[in-house]
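For reference, the chains in residue letters:
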Amino acid sequence: MYSCSQAKIASLKKALSKSFALKVLGAVKKILGMKIVRDRSKRMLWMSQEDYLKKVLERFNMQNEKPVHVPLPGHLKLSKTQCPKKDQEKEKMSKVPYSSIVGSLMYAMICTRPGISHAVGVVSRFLSNPGKEHWNAVKWMLRYLRGTAKQCLCFGDENQLLTGHIDTDMIGDVDSRKFTSGYLITFAGGAVSWQSRLQKCVVLSTTEAEYITITEGCKEILWMKKFMQELGQNQESYVLYCDSQSAIQLS
């Protein structure tokens, strides 16, 4: 299996070298702010952004703040009513690097930190006119990342089958009354695809909201299945976990 993979890699390099100037630097250890660690004897791989997160914390002077254990606490209910309405308040908040921090958090979320997807989605709704409470939520997330900077994605499980997990937030948006759909797809023990976003319609029941989330999760896992087939990993079966019995029965 290993020799076969090496042959494919060599063939790919040869094909690419015909169109591009290539320089082989060996196994990648760091790319785009992500650190990659391998243990080939155990067939394990870890991906983290510890160094990137430390730079973000230092850039915004949050490296010495007290860590917290959740990315967004329940008592922070953010809404548009908390946005500044007076010109004086808007001018004061314009000096706050709100959009810069949210952009930095988005990059961490996209690469290696699926756990902050929901929180980043919430604070990003107020980029055009953030208020004091929204700013407090962003600083809370930085404190959370300070305490969890060493967390990483770990791959190496022998069970190389796609597995999905879905859940729905109850009326996650106070302003529109829409639910939030979230899914997480794992492969070989690590997360490979995740998403948390508002549903496009206002539903009339929790069953309907969970069913919409199941649909989104199924669409992603089917796409991932075809993608894995192109890489030579045929998926004989896959599982999608849901905690709503009514939605499962409807499906």
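Please read all numbers here as calculations on a predicted model, not as lab measurements.

S.K.: Can you explain the nonpolar core? Please cite residues and give values.
M.R.: Among the nonpolar cores identified, the biggest contains 42 residues, and Tyr98, Leu105, Val123 and Val138 are the most heavily contacted of them. At the level of elements, β2 (34-39), α2 (50-59), α4 (98-111), α5 (117-123), α6 (132-147), β4 (152-155) and β7 (190-198) are the ones that each hand at least two residues to this core. Looking at this core element by element, the count peaks at eight residues for α6. Within the second largest apolar cluster, 12 residues are counted, among which are Leu162, Ile166, Ile221 and Ala247.

S.K.: I'd like a rundown of the sheet that holds strand β6 (residues 180-187), residues and numbers included.
M.R.: Taken in spatial order, the four strands make up an open sheet running β7-β6-β5-β8, and their pairing is mixed. Taken across any chain shown, the strands that pair with only one partner, and hence form the sheet edges, are β7 and β8 (239-241). Strand-to-strand twist of the sheet, defined as the mean angle between neighbouring strand axes without regard to direction, takes the value 15°. Relative to β7, β6 runs antiparallel, the two sharing eight bridges. Considered in β7, the bridge of Ile185 is made with Ser193.

S.K.: Describe in detail the packing of α2 against α4, supporting the description with residues and values.
M.R.: Interhelical geometry of α2 versus α4 gives an angle of 170° and a closest axis separation of 11 Å. As judged from the angle between their axes, α2 and α4 are roughly antiparallel. Of the residues in α4, those touching α2 at Tyr52, Leu53, Val56 and Arg59 are Ser100, Ser104, Tyr107 and Ala108. In the contact of α2 with α4, the residues fall into five nonpolar, two polar and one charged.

S.K.: Requested: an account of α6, with residues and values cited.
M.R.: Its 16 residues place the ends of α6 23 Å apart at the C-alpha level, agreeing with the 22 Å of an ideal helix rising 1.5 Å per residue. Among the residues of α6, those classed as buried are His134, Trp135, Ala137, Val138, Trp140, Met141, Leu142, Tyr144 and Leu145. The elements touched by buried residues of α6 are α2, α3 (87-94), α4 and α5.

S.K.: I'd like a description of α4, backed by residues and values.
M.R.: Taking 1.5 Å of rise per residue, the 14 residues of α4 would be expected to cover 20 Å, and the 21 Å separating its terminal C-alpha atoms lies within 8% of that figure. Among all positions of α4, only Tyr98, Ile101, Val102, Ser104, Leu105, Ala108, Met109 and Cys111 are buried. Along its buried surface, α4 packs onto β2, α2, α5, α6, β4 and β7.

S.K.: So what about unusual backbone geometry? Which residues, and what values?
M.R.: You will see that Leu32, though not glycine, has its phi angle at about 50°, which is positive. Assignment of secondary structure puts Leu32 in the loop between β1 (30-31) and β2. Although it is not a glycine, Ala188 adopts a positive phi angle of roughly 55°. Within the element layout of this structure, Ala188 appears in the loop between β6 and β7. Given the relative accessible area of 8%, Ala188 is considered buried.

S.K.: Before we move on, could you go through the pattern of salt bridges and cite the residues and values that matter?
M.R.: Counting across every chain of the model gives four salt bridges. Asp51 is the partner of Lys30 in a salt bridge, and the nearest nitrogen-oxygen pair spans 3.4 Å. Separated by 21 residues along the polypeptide, Lys30 in strand β1 and Asp51 in helix α2 bring together distant segments of the chain. Residue Lys30 is classed as partly exposed on the basis of its relative accessible area, which comes to 47%. Taking the relative accessible area as the measure of exposure, Asp51 reaches 34% and is therefore partly exposed.

S.K.: So what's going on with the packing of α4 against α6? Which residues, and what values?
M.R.: It is at 11 Å that the axes of α4 and α6 come closest, and there the two elements cross at 40°. Here α4 lies oblique to α6, going by the angle between them. Crossing geometry of α4 relative to α6 is assigned as left-handed. Across the interface between the two elements, Tyr98, Ile101, Val102 and Leu105 from α4 touch His134, Trp135, Val138, Met141, Leu142 and Leu145 from α6.

S.K.: Hey, could you go over the packing of aromatic side chains for me, with residue numbers and the actual values?
M.R.: On inspection of all chains with the given rule, the structure shows two aromatic pairs. When the ring of Tyr52 is compared with that of Tyr107, the centres are 5.4 Å apart and the planes differ by 65°; the resulting orientation is edge-to-face. Residue Tyr52 is located in helix α2, and its partner Tyr107 is located in helix α4; the two are separated by 55 residues in the primary sequence. With 5.4 Å between their ring centres and 5° between their planes, Trp223 and Phe227 make a pair best called stacked. Taken together, the residues span about one helical turn, with Trp223 and Phe227 both in helix α7 (residues 206-230) at a distance of four residues.

What counts as what
Residues numbered from 1 in each chain as written. Predicted model: local features only at pLDDT ≥ 70, side-chain atom pairs only at ≥ 80, totals over all residues. Heavy atoms only, no water. Core = buried A, V, L, I, M, F, W, Y, C linked by side-chain atoms within 4.5 Å. Buried < 20%, exposed > 50% of the residue type's maximum accessible area, 1.4 Å probe, protein only. Helix = DSSP H or I, 4+ residues; strand = E, 2+ residues; numbered from the N terminus. Pairing = 2+ DSSP bridges. Axes fitted to C-alpha atoms, helices over the stretch in contact; angles between N-to-C directions. Parallel < 35°, antiparallel > 145°, perpendicular 65-115°, else oblique. Contact = heavy atoms within 4.5 Å. Nonpolar A, V, L, I, M, F, W, Y, C, P; charged D, E, K, R; others polar. Expected span 1.5 Å × (residues − 1). Salt bridge = Lys/Arg side-chain N within 4 Å of Asp/Glu carboxyl O. Left-handed = near helix turned anticlockwise from the far one by under 90°. Phe/Tyr/Trp six-rings, centres within 6.5 Å; stacked < 30°, edge-to-face > 60°.

Honestly, it's all geometry; don't read function into it.
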